[in-house]
Each structure stands twice: as structure tokens, then as C-alpha cells.
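Structural overview for review
These are the residues of each chain, in order.
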Amino acid sequence: MKLLSLANNQISSLPSSLAAMHHLTKLNLSHNRIVHIPTCIYSMKGLVFLHLACNHLETIADQIQDLVNLKILIVEGNSIHTLPKTLCFLESLELLNVDFNELQSVPDEMYQLSRLRRLACHPLDKGLHIIHNPLLKPIHEVLQGGLSALYNYLKPT
């Protein structure tokens, strides 16, 4: 199986046996009741797409770095307060959607995510989606390094 969608099912956990799904590339767990990303997901090394929007997530564990092939991570509409620095080791990440969370800052290492070339405006755009978060600094200051120059280039004049 390459795709598994368990969206809209009031799920709060997953059985550890799902860790054996090594060939899974796309996993949709959106619109459930998940508070922590289930540990079994971090064993799914083939994942390129992980959709966890509209759950009850408060954190993303450091083990997120184990998903080395991940290109799209959608965690919008949760209650995430911080992003782990290990997220910045996901060199394949092209789309990160953290819209509508509780983020006040992002890791300083965000510039390492070279495939997140820009701030995304449209829901289908690749890049970083970070609107509707209580950021303590303006977005261009939060994204110091590689993304801030791009932000300055893209911002309306």
C-alpha cells in the first residue's frame, strides 16, 4: 500500500503495528483527535506526504528527522507552540504548513531547509505556510538567514 487516508475518523492513536508499513508514501490523518504524532509514524521512512491538519497536536517530536524523504508536512490548525530544530534536518521538505497554530518563533536553523524557497500564499503553493500564528517578531525577522532575503524580495512594496 502506498497511500493511507484515515481522515475524519475521531482517531486519537494508531496501533504500533502500522510501523511495518515501510512502503507507505502518503499518510492522511487530518481532522482527527491526535495529540501527539504516533510513534509508529517515525518508522515509515518512505513517507513523502504527511497530513495532520486539524488535530490537537501541541508538539512535534524530535524524531521527525527520521522521515528523511518527507516533502510535504501539513500540520495547520493545531495548537503547536514550537517546532523542533530536528525539523530543519529534513532536506527534502518542499512544503511546510504550520498555519493557524500557536507558534511564537521558529528554529534559527530554518534556513537549512533550502527547498522551502519562499513564503507560500496559496494553499497549494510549495514553501512555508506560517500565517495566523502569534509570532513575537515580524516574519522577516523570525526567518533570519536563507528565507528572510527571499521574504524581502517577495513582499509587496
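A brief look at the structure comes next. (Residues numbered from 1 in each chain as written. Predicted model: local features only at pLDDT ≥ 70, side-chain atom pairs only at ≥ 80, totals over all residues. Heavy atoms only, no water.)

**A look at the pattern of salt bridges**
Scanning all chains against the criterion turns up 3 salt bridges. The partner of Glu94 in a salt bridge is Arg115, with the nearest N and O atoms 3.5 Å apart. Of this pair, Glu94 sits in the loop between β4 (72–74) and β5 (95–97) while Arg115 sits in the loop between β5 and β6 (127–129), and the two are 21 residues apart along the sequence. We classify Glu94 as buried; its relative accessible area is 14%. Using a relative accessible area of 39% as the deciding quantity, one classes Arg115 as partly exposed. Lys126 is the salt-bridge partner of Glu94, the closest N and O atoms lying 3.0 Å from each other. Here the residue Glu94 occupies a position in the loop between β4 and β5, and Lys126 occupies one in the loop between β5 and β6, the gap between them amounting to 32 residues. Because the salt bridges share partners, they merge into one network encompassing Glu94, Arg115 and Lys126. (Salt bridge = Lys/Arg side-chain N within 4 Å of Asp/Glu carboxyl O. Helix = DSSP H or I, 4+ residues; strand = E, 2+ residues; numbered from the N terminus. Buried < 20%, exposed > 50% of the residue type's maximum accessible area, 1.4 Å probe, protein only.)

**Quick word on the sheet that holds β5**
Through backbone hydrogen bonds, the strands of a sheet pair up, either in parallel or in antiparallel fashion. Taken together, the 6 strands give an open sheet; going across it, the order is β1-β2-β3-β4-β5-β6, and neighbouring strands pair in parallel fashion. Edge positions in the sheet fall to β1 (3–5) and β6, since each of these pairs with one other strand and no more. Sheet twist, expressed as the average angle between the axes of neighbouring strands with direction ignored, equals 5 degrees. Note: β4 against β5, 3 bridges, orientation parallel. When the sheet's bridge partners are listed, Leu73 is paired in β5 with Leu96. (Pairing = 2+ DSSP bridges. Axes fitted to C-alpha atoms, helices over the stretch in contact; angles between N-to-C directions.)

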